[in-house]
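As a plain string of letters, each chain reads:
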Amino acid sequence: MDIERCVIGYSTHDTMGEGMQRGRLSDALRAAAGRYPPGIGKRERARVESGRYSYEMSLLYSPGARIIDLGGGVACTALALSELGCDVSVVDDYRRPYYQRPQFVAAKELLGASGVQIIEADLVDTDLDCFAPNSVDVIASFGCVEHLHHSPKRRFEQAVSKLRPGGRFVIGVPNAVNLLKRARVLTGRTNLASLEEFYERGQPFTGHVREYTKAELLDVGRRLGLTKLRVDGRNFFGFKKTH
């Protein structure tokens with residue numbers, strides 16, 4: 001599967017985001033990104049225009065849904081979903097230096113002021129006891145799992161227990177074996193983080209620790225006891241990354 005990003009979804013429905021037009025999603029996302037402080041707002045707008053955020057939201061949205069985003073940081077998807085009437089909670093470790101920069105502090109405050117529940121916690125060590133079993137419509141995690149230094153097994157099992165019957169569990173991660181990474185290895189280059197990122201600036205190291213393949217994602221879903229598994233692939237190499 002020669003794609004950049006893999007997403008595994010669980011649902012009792014045949015389609016995800018049904019009834020939500022892509023245009024309305026994009027409008028909500030553009031409005032949300034426009035409220036962000038300079039710098040980070042530019043990054044968020046780039047992700048909106050790439051189609052990445054619209055695609056992710058189409059997997060999560062249904063009217064009035066209760067959504068938990070594991071490791072969502074300050075992404076404007078949470079703000080857009082909240083503005084569309086969803087009950088959104090974001091769990092992340094905002095104590096990290098990355099989130100201490102002024103623009104990220106301002107973005108987090110914007111989310112909180114807009115009705116998004118901010119839960120400051122380490123994803124591996126914390127419990128999700130503040131959520132009752134069978135009380136959540138969607139559990140999601142995009143661009144997070146590959147950064148974890150320890151297995152997400154316990155956290156995923158606990159998260160699935162919070163889902164209502166017919167709920168959705170959605171994971172978005174980079175494809176560990178996309179064509180670009182295969183080409184790098186074949187030409188004698190690493191497909192891991194650069195030496196500069198790991199050796200010189202890796203205290204602590206916040207890059208990708210463990211990526212997943214399509215088969216591995218499906219295996220994770222089966223181990224969690226999920227049904228109606230599916231893996232989608234999307235390429236987002238074509239847009240300019242902004243940090």
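Residues numbered from 1 in each chain as written. Predicted model: local features only at pLDDT ≥ 70, side-chain atom pairs only at ≥ 80, totals over all residues. Heavy atoms only, no water.

With respect to the overall build of the chain
Step number 1: When helices and strands are tallied, the chain shows nine helices and seven strands.
Step number 2: Residue burial in the chain is summarised as follows: out of 243 residues, 51% are buried.
Step number 3: A separation threshold of at least 6 residues defines the contact pool for the chain, and within that pool the share at least 24 residues apart is 78%.
Step number 4: In the structure as shown, the chain presents an accessible area of about 12,300 Å², 51% of it carried by carbon and sulfur atoms. (Helix = DSSP H or I, 4+ residues; strand = E, 2+ residues; numbered from the N terminus. Buried < 20%, exposed > 50% of the residue type's maximum accessible area, 1.4 Å probe, protein only. Contact = heavy atoms within 4.5 Å. Areas by Shrake-Rupley, 256 points an atom, 1.4 Å probe, with all protein chains shown as cover.)

Side note on the pattern of salt bridges
Step number 1: Throughout the structure, instances matching the rule amount to 17 salt bridges.
Step number 2: Put simply, E83 and R35 hold a salt bridge, and the shortest N to O gap is 3.1 Å. With a gap of 48 residues between them, E83 in helix α4 (residues 76-83) and R35 in the loop between α1 (22-33) and α2 (40-49) connect regions that are remote in the sequence.
Step number 3: Judged by relative accessible area, R35 falls into the partly exposed class, the value being 41%.
Step number 4: We note a salt bridge from D127 to R154, for which the minimum N-O separation is 2.6 Å. Separated by 27 residues along the polypeptide, D127 in the loop between β4 (117-120) and β5 (136-142) and R154 in helix α6 (residues 153-161) bring together distant segments of the chain.
Step number 5: The exposure class assigned to D127 is partly exposed, which follows from its relative accessible area of 35%.
Step number 6: Overlapping salt bridges, with partners in common, bring together D27, R30 and E49 in one network. (Salt bridge = Lys/Arg side-chain N within 4 Å of Asp/Glu carboxyl O.)

Some remarks on the pairing of strand β2 (residues 66-70)
Step number 1: Here β2 lies mainly inside the structure; four of its five residues are buried.
Step number 2: Taken together, β2, α4 and strand β3 (residues 87-92) constitute a β-α-β crossover, and its handedness is right-handed.
Step number 3: Examined bridge by bridge, β2 and β5 share three bridges and lie parallel to one another. Counterpart to I67 in the pairing with β5 is V138. (Right-handed = clockwise from strand over helix to strand, strands pointing away. Pairing = 2+ DSSP bridges.)

Remarks on the packing of aromatic side chains
Centre-to-centre distance and the angle between the planes together describe a pair of aromatic rings.
Step number 1: One pass over the structure, following the stated rule, counts six aromatic pairs.
Step number 2: Here the aromatic rings of Y98 and F104 are separated by 4.8 Å at their centres, their planes lie at 50°, and the arrangement is tilted.
Step number 3: Its relative accessible area of 37% is what places Y98 among the partly exposed residues.
Step number 4: Seen from their ring centres, F198 and F205 are 5.1 Å apart, and the 75° between their planes marks the pair as edge-to-face.
Step number 5: Classification of F205 as buried rests on a relative accessible area of 13%.
Step number 6: Above the plane of the ring of Y98 lies R101, whose end atom (NZ or CZ) is 4.5 Å from the centre.
Step number 7: A cation over a ring is seen here: R210 above Y212, with NZ or CZ 5.3 Å from the ring centre. (Phe/Tyr/Trp six-rings, centres within 6.5 Å; stacked < 30°, edge-to-face > 60°. Lys NZ or Arg CZ within 6 Å of the ring centre and 35° of its normal.)

Some words on the confidence of the model for the chain
Step number 1: For the chain, per-residue confidence averages 87 on the pLDDT scale, and 88% of positions sit at 70 or higher.
Step number 2: Scored below 50 in pLDDT, residues 239-243 makes seven contacts in the model with residues more than four places away or belonging to other chains. (pLDDT = per-residue confidence, 0-100.)

Notes on a nonpolar patch on the surface
Step number 1: The grouping of L195, F198 and Y199 at the surface amounts to a nonpolar patch, some 410 Å² of accessible area in total.
Step number 2: On the basis of relative accessibility, which here comes to 64%, the residue L195 falls in the exposed class. (Patch = residues over 30% accessible without salt bridge, like charges linked within 9 Å, V, L, I, M, F, W, Y side chains within 5 Å.)

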